[in-house]
Every structure is written in structure tokens, then in C-alpha cells.
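Observations on the model geometry
What follows is each chain in one-letter form.
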Amino acid sequence: MNAYAFFTRDLAARREAVFLETESGRCYTYADLDRETARVASLLTNLGLAKGDRVAAQVEKSPAALFLYLGALRAGLAYLPLNTAYQRGELGYFLKDAEPRVVVCRPEMLETFAALAHESGDPKLYTLDERGGGSLAEAVAAAPDRFETVATSDADLAVIIYTSGTTGRSKGAMVTHGNIASNGEVLRDYWRFTERDVLLHMLPIFHVHGLFVAVHPILLAGAKLLFHAKFDARAALAALPRASAMMGVPTFYVRLLAEPGFDRRLVAHMRLFVSGSAPLLLDTFAEFQSRTGHTILERYGMSEAGMITSNPYEGERRGGTVGFPLPGVSVRVRDGERECGPGEAGGIEIRGANVFAGYWRMPEKTREEFTADGWFKTGDVGQWSADGYLSIVGRAKDLIISGGYNVYPKEIELVIDALPGVAESAVVGVPHPDFGEAVAAIVVKTQGATIDEAAVIAHVKSQIANYKVPKRVVFVAELPRNAMGKVRKNVLREQVAQRVP
Ligand code: MCA
Ligand code: AMP
């Protein structure tokens, strides 16, 4: 079934209910959702796009951007959301790889995309600004507001999410209608969303957390979103009295706790706080509990699989753990071929209707990431407790998670190594009070080179997304290596940890 049709199957009964309210108080009902997504779907279909064709978007968060996603879904097209921090080089790769037929961008990026379009199949370009204006808005406004949702099967492609890889090359995770429909329904039920809920939505909508997890259960429940363009602690304090639930990355909760006005009284009426995308530190978990009386519910997921495990709604929410496998999701922890018992660390492998269909045009890579018996290897290292709670105790993949964004060291090392004066570099994640982990670079100069920290930072900033830029650059005479010649990143991590932030 088409996931949009599934999410909105009760829409006729709640047309006048508010689906989304913006920061400035503008409301969109479920009837508006129906009309706006019909217009998007009509426009895209009338352009000749057919099932499976890609629609890419690098736009600011706005109701129109959300309707673009849901309209593409409704038309059976594959939506490709792009982080607004991505720069030209990153974007060029995504467009060439995915070959979208339509690209929607911010007005100030039109020239960049026009230049890239020539090398990637000449997609049709539209603009959309943060207020919902631009050539897309004009075309959508002129399109019919009725549309018969395109029938799709569970296996049909709904979204491509690019995730960086350990080699520095990004992979497009193919997420299907069946993946998002099943996961959305499980989350609505597990976290008990009903039409009475009001979710404070401050996450970006170009990743799974903000686009799927914080939207699909709301649609299915007929609930309401308080839709803010970005996270802001003060704005959250002002909005929380009208909300019943909130979802965020750990940095959101760290920043809320830094606000003196964030107290028990302000959130006494709240039903649920959910955290994910990165480890929630035990300190944050405990301080939140003592300050507000609420126990944050931590869950675990990834782009390739949506949500995998969750702490319980009722029952003990245990800090430092990500709870139990969600209904319909199987999780095993293995050390090689052997299943680990409680207290033993091993690779987390998963199976279920939530697991993606593979990496876009990378059959080899896809095969590598699945076991012979069909389980997806997450690259996370986990451990069961005796009573069945899963903890994430490490990562087999060389990955840094900063403020909920994934950063693969290899990609940054390649950029730094290309700078004249650099002999080689190593990038590691170090503890950071705000972002959980921060990117740090260790650089070896070529003989006689005069580059400094500012030059390295400026160079990286000019090439790739800003959240990937090292917060600190440290120069050393040589990189520590093991007998195999591999850089000993754990040694470097300890050496630079004291020097960040
Ligand atoms: C911003 N900056 C960052 C980050 N965000 N640096 C490191 N890590 C970050 N996450 C830097 C910018 O480069 C900039 O530096 C400066 O901070 C200010 O930027 P600004 O955009 O104003 O920052 P902010 O508004 O304070 O943003 C911080 C944030 C944001 C609110 C924590 O990063 C955020 O919303 N993160 C959520 C990420 C997320 O949704 N992840 C879900 C992935 P300069 O000025 O030098 O340029 S989905 C997922 O992981 C799976 C499926 C799951 O389980 O959910
Ligand atoms: P992404 O590729 O952006 O979907 O990020 C997925 C990764 O985020 C997972 O593979 C985990 O490493 C990490 N992650 C998500 N939720 C949690 C959590 N609650 N605790 C620790 N790591 C998490």
C-alpha cells in the first residue's frame, strides 16, 4: 500500500482537525494537508514523472517542504532529502548518483544547481524559500488540488537517504513504502500517540528522525505538530506548555537543562520526551529526571532501518540503554558467528519489515552489509542485559556522531590531505559538552610548510558541510601506528580530548 494513503487512511473523519501549526501561529488542517499534497503530486505527475523517479530537495524547513515530501510519496515518486549544510562537491555527487528528474533548492543555490544539472541528466529545477515562496510554490498553487494517490506495493521505493560511508563515499539507502508504513504504525502504538497529542517538532526534516519518526506516527494518530524551523531552547520553553510530547537529539536536552526556566512546573503536563540519533549521556538522563520528574525515553535507530529498539512506554526506562526490540523487529548480537549472551559485546544485526531494500546502485556494498542468512549488520556494537535491555557500547564503523549528525572521518581526512602543506591527517571524535562528540583533526605537515589551524579549518569549511568542520586541529610530527601500519586512533583520541573544545 502507498505509505501516504496508509498514514492518512482516516483523514475523511478529521478534515477540520489541525495537523500543523507554525511558530507564527499559521495552522494547516488535515484537509489542507490533503489539498497541498494533491497539488504537489499533480504537478510532479503532470511533468511526466512516474513511479520510482527521484525528486531531490535541499530546502529550509517549512510546511511547504513537508508537503513536498508527502506529495512525492503520494505520487509514488522517490523523495531524496538533502541536508542544507551540504556544499557543491557533496551535492554534485548525490545528483550524479541519484539522477533526480526534479530538484528543489533554495533560491540562493539556483546557480549552483543549474551548473550541476548539466552533469546529472538535466533535472527540472524549482526554488523554495524558508517562507514557502519560490517557483515551486507558484507551480504548486496552479496545480489541481485533487489527486488519486498512486498505488504502490510495500517493496516500492519511497525515499533515498544518503549516508556517508567508511570509505568516504556516500551510499543511498533505499527506503520502501513498506518500511515507513510499518515503522510508523509500530511507533504510534508503542509510544501511545492519539489525536489528543501535540508534538513539539524542532528537528531538521532532511533526516530520518525529523522526517519519519516525528511525522509518521502523528499522521497515523491524527495528532498535531508544533512545527518550528529549528531547535531553539528559549522557543522550546515558550512552546512546551502547549505540547504533550517532544522528540530530540541529546543536544536538545542538554540545552534545555542549561535554561534556568526549564523546570518541573513548565513540563508537568507533558506525556513524553524521546531521545535518539546519538547516545544520551547518563548525566543528562539523570539531571533531566531530577529537574523535571520526567524520564526521557531513549530509542535506537538508523537511516537504513528507521527505529529498531525503544525503552518501554510503561515499565522501567533505563538510562544508558536503548531498551527492547520494537514489535516486528528482530535483533541479535553476535561475535563472529556466535550469538552473545548477556554482558558480552558484539555486532548488532537486525531483521524485520523496517529494514531497507539495499544501497542505491551498489549491489556489492549491499551484499557486504547483510549476513548470508539475511540479517543487516548495523555496524553498532551492543550488549544485552540479563533482563533483555540492549545497550550500545561502541561502533565497529569509524563514525563520529556530533549533535545527532553522522560524520565519517575518512571524508574529512581526504579533504584535509588535499591541502598543500599537509602530509597526512587523522580525524577522530572527542567528547564535547554540547554536541556529545566533536570532530578533531590531527595533522602532519610536509617539511617546511607553514599552515596553521585556521588555514585547515577555512579549507574544510570551503569544501564540505559545516557540521563536519573540525572544532580543533592539532599538529604532530607523526601519527602513531600499530604494527600493521594502521593509525592508532584511540591513542590520538586520548591525546586531543583535553584540548577540545
Ligand atoms: C551545528 N553546528 C554543529 C552542529 N550543528 N557542529 C557540530 N555538530 C552539529 N550537529 C555548528 C555549525 O557548523 C555552525 O558553525 C554552528 O554550529 C552554528 O550552527 P547552527 O546551525 O546555528 O547550529 P544550531 O542551530 O545550534 O544546531 C545544533 C543542533 C542541530 C540544534 C543540535 O545540529 C540539530 O538540529 N541536530 C539534529 C540532527 C538530527 O536531526 N539528526 C538525526 C539524524 P559555524 O558557525 O562555524 O559554521 S537521523 C538518525 O540519526 C537516526 C535515524 C536516528 O536514530 O534518529
Ligand atoms: P544515521 O546513519 O544518521 O541514521 O545514524 C544512525 C546511527 O546513529 C546508528 O547506527 C547509531 O550508531 C546511532 N544512534 C542512533 N540512536 C542512538 C542511540 N540512542 N544511542 C546510540 N547511538 C545511536
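That block above? That's the structure.
It should be emphasised that the depicted structure is a prediction, and the values quoted were computed from it without experimental measurement.

How each quantity is defined
Residues numbered from 1 in each chain as written. Chains lettered and ligands numbered in written order. Predicted model: local features only at pLDDT ≥ 70, side-chain atom pairs only at ≥ 80, totals over all residues. Heavy atoms only, no water. Pairing = 2+ DSSP bridges. Helix = DSSP H or I, 4+ residues; strand = E, 2+ residues; numbered from the N terminus. Phe/Tyr/Trp six-rings, centres within 6.5 Å; stacked < 30°, edge-to-face > 60°. Buried < 20%, exposed > 50% of the residue type's maximum accessible area, 1.4 Å probe, protein only. Lys NZ or Arg CZ within 6 Å of the ring centre and 35° of its normal. Salt bridge = Lys/Arg side-chain N within 4 Å of Asp/Glu carboxyl O. Arc of directions from axis to C-beta. Contact = heavy atoms within 4.5 Å.

1. Describing the sheet that holds strand S19 (residues 376–384)
Judged by pairing direction, the sheet is antiparallel, and its five strands sit side by side in the order S17-S16-S18-S19-S20 without closing on themselves. Because the sheet does not close on itself, it has two edges, and the strands there are strand S17 (338–339) and strand S20 (390–395).

2. Here we look at the packing of aromatic side chains
Taken as a whole and assessed by the stated rule, the structure comprises 21 aromatic pairs. Aromatic side chains Tyr93 and Phe94 sit 5.9 Å apart centroid to centroid with 70 degrees between the ring planes, which places their arrangement in the edge-to-face category. Look at Tyr93 and Tyr162: their rings are 6.4 Å apart centre to centre, the planes differ by 80 degrees, and that puts the pair in the edge-to-face class. Residue Tyr93 is located in helix H4 (residues 88–98), and its partner Tyr162 is located in strand S7 (residues 157–163); the two are separated by 69 residues in the primary sequence. Judged by relative accessible area, which is 25%, Tyr93 ranks as partly exposed. Classification of Tyr162 as buried rests on a relative accessible area of 6%. Ring pairing ties together the aromatic residues Tyr86, Tyr93, Phe94 and Tyr162, which thus form one cluster. Sitting above the plane of the Tyr30 ring, Arg14 keeps its charged end 5.1 Å from the centroid. Sitting over the ring of Tyr389, Arg318 keeps its end group 3.9 Å from the ring centre.

3. Looking at the pattern of salt bridges
By the definition in use, this model includes 42 salt bridges. Its salt-bridge partner being Lys489, residue Asp398 comes within 3.1 Å of it at the nearest N-O pair. Residue Asp398 is located in the loop between S20 and strand S21 (400–402), and its partner Lys489 is located in helix H17 (residues 489–497); the two are separated by 91 residues in the primary sequence. In this structure, the salt-bridge partner of Arg481 is Glu424, at a minimum N-O distance of 2.4 Å. Of this pair, Arg481 sits in the loop between strand S25 (472–475) and H17 while Glu424 sits in strand S23 (residues 422–432), and the two are 57 residues apart along the sequence. The exposure class assigned to Arg481 is partly exposed, which follows from its relative accessible area of 37%. With a relative accessible area of 25%, Glu424 lands in the partly exposed category. One network of salt bridges, with partners in common, ties together Arg9, Glu185, Arg188 and Asp189.

4. What to know about helix H5 (residues 110–117)
What H5 keeps buried is the set Thr112, Phe113, Leu116 and Ala117. When H5 is viewed along its axis, its buried side chains cluster within an angular range of 135 degrees and face the same direction. In this structure, the buried residues of H5 make contact with strand S3 (54–58), H4, strand S5 (102–105) and strand S6 (124–127).

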